[in-house]
Amino acid sequence: MAGAYDDRDGFIWMDGKLVPWRDANVHILTHALHYASSVFEGERCYNGKIFLGRKHSERLIFSGSELDMQIPYTVDQIEEAKYAVLKANGLTDAYVRAVAWRGAGEDMGVSSAKNPVRMAVAAWEWGAYYGDSKFKGAKLDISKWKRPSAETIPVHAKAAGLYMICTASKHAAEAKGCSDALFMDYRNYVAEATGANIFFVKDGEVHTPLADCFLNGLTRQTVIGMLKDRQVKVHERHIEPGEMESFQQCWLTGTAAEVTPVGQIGDYNFEVGELTKSIATDYEKLVRA
């Protein structure tokens, strides 16, 4: 499957039924388009099985509730929809996107209590998120934007509006020849990349930012568990930007990113070392187990 995302063969699940891909449309006065009343999940299917699928569905429902948006489907129904989409499109290895949003209705202001909550699931083939960075290490810019405080936004929801600065930051990074951008948070601690969490290695121990103002990714949680199973000490803590100079290795984690080594962040350089390589390899084995 290739070409523009709105012009493909196949099927997308919308509001309880499969519809032809090109017919999966919404009205221009859809509330989410104007006010970002939308939440989503990105998932990967390996060998016909979605990795941590139920956890993704649970988080989708949680994210909706954080935006005062009750998604009208259960975890079981969402799981059924995902596998129906994979089957309808003949996919066994794919990226799965579930999205829920406030649709068009009687409200067209900030308030949208009268508008229906809608949902869709699509799936497509998607290779390595950072291309060949899995082998040589991704290059990251440092964003001018910062991750905001938990007092200002629902930081633990996977909400569409929270990605606005991610898009702007990634565009700026790509213009500089980088793969992605790293955010600091509102306190100027290291936070995350635009769509992935970050890990550092120093003297055999791992350091990763405390997820207190950004998404505690499911891949992040999985990798922390893998490291602890190996008896590797993991420090979840606030990390000052200047500390990056002393770190020897670095990698990103995310459903799309999987485990991707980082070779450079701004002026800081890292080696694609043994721990990074082995965690990436073990993660590949785990998701296909």
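Rules and cut-offs
- Residues numbered from 1 in each chain as written.
- Predicted model: local features only at pLDDT ≥ 70, side-chain atom pairs only at ≥ 80, totals over all residues.
- Heavy atoms only, no water.
- Pairing = 2+ DSSP bridges.
- Helix = DSSP H or I, 4+ residues; strand = E, 2+ residues; numbered from the N terminus.
- Contact = heavy atoms within 4.5 Å.
- Axes fitted to C-alpha atoms, helices over the stretch in contact; angles between N-to-C directions.
- Expected span 1.5 Å × (residues − 1).
- Buried < 20%, exposed > 50% of the residue type's maximum accessible area, 1.4 Å probe, protein only.
- Arc of directions from axis to C-beta.
- Core = buried A, V, L, I, M, F, W, Y, C linked by side-chain atoms within 4.5 Å.
- Phe/Tyr/Trp six-rings, centres within 6.5 Å; stacked < 30°, edge-to-face > 60°.
- Lys NZ or Arg CZ within 6 Å of the ring centre and 35° of its normal.
- Salt bridge = Lys/Arg side-chain N within 4 Å of Asp/Glu carboxyl O.

Next up on the list: the sheet that holds strand β5 (residues 94-102). Strand order in this open sheet of six strands is β2-β1-β6-β5-β3-β4, and the pairing throughout is antiparallel. The open sheet terminates on both sides in strands that have one partner only, identified here as β2 (17-20) and β4 (49-50). Examined bridge by bridge, strand β1 (residues 11-14) and strand β6 (residues 117-124) share two bridges and lie antiparallel to one another. From the neighbouring strand, Met 14 faces β6, where its bridge partner is Ala 120. This element, helix α2 (residues 53-66), spans β3 (38-46), β4, β5 and β6 of the sheet and lies at about 175° to β3. Contacting β1, β2, β3, β4, β5 and β6, helix α3 (residues 75-88) crosses the sheet at an angle of about 40° to β6.

Spanning 12 residues, helix α5 (residues 164-175) covers 17 Å between terminal C-alpha atoms, matching the ideal 16 Å at 1.5 Å per step. Burial in α5 covers these residues: Ile 165, Cys 166, Ser 169, Lys 170 and Ala 173. Buried residues in α5, looked at end-on, bunch into an arc of 130°, giving them a common side. Projecting away from the buried face of α5 at angles above 90 degrees are the exposed residues Met 164, His 171 and Ala 175.

With that settled, consider the nonpolar core. Within the largest apolar cluster, 24 residues are counted, with the highest numbers of intra-cluster contacts made by Ile 71, Leu 86, Met 119 and Val 121. At the level of secondary structure, the elements contributing two or more residues to this core comprise β3, α3, β5 and β6. Not counting residues up to four positions away in its chain, the partners in contact with Val 121 are Ile 12, Trp 13, Ala 81, Lys 82, Val 85, Val 96, Arg 97 and Ala 98.

The topology assignment puts Gly 204 in the loop between β10 (197-202) and β11 (205-209). We classify Gly 204 as partly exposed; its relative accessible area is 47%. Residues Gly 204 and Val 232, 28 residues apart in the sequence, show an inter-C-alpha distance of 7.4 Å.

Here the focus is the packing of aromatic side chains. Geometrically, a pair of aromatic rings is defined through the distance of the ring centres and the angle of the planes. Applying the stated criterion across every chain yields a total of 10 aromatic pairs. Centroid distance Trp 124 to Trp 126: 6.2 Å. Interplanar angle 45°. Geometry classified as tilted. Since its relative accessible area comes to 31%, Trp 126 is described here as partly exposed. Clustering of aromatic rings is evident, with ring pairs tying together Tyr 5, Tyr 95, Trp 124 and Trp 126. Sitting above the plane of the Tyr 5 ring, Arg 8 keeps its charged end 4.0 Å from the centroid. It is Arg 147 that lies over the ring of Phe 183; its NZ or CZ is 4.9 Å from the centre.

Next up on the list: the pattern of salt bridges. Using the criterion set out here, one finds 17 salt bridges in the structure. Across the pair Glu 43 and Lys 82 runs a salt bridge whose closest N-O atoms are separated by 2.7 Å. With a gap of 39 residues between them, Glu 43 in strand β3 and Lys 82 in helix α3 connect regions that are remote in the sequence. Connected via shared salt-bridge partners are Asp 7, Asp 9 and Arg 22.

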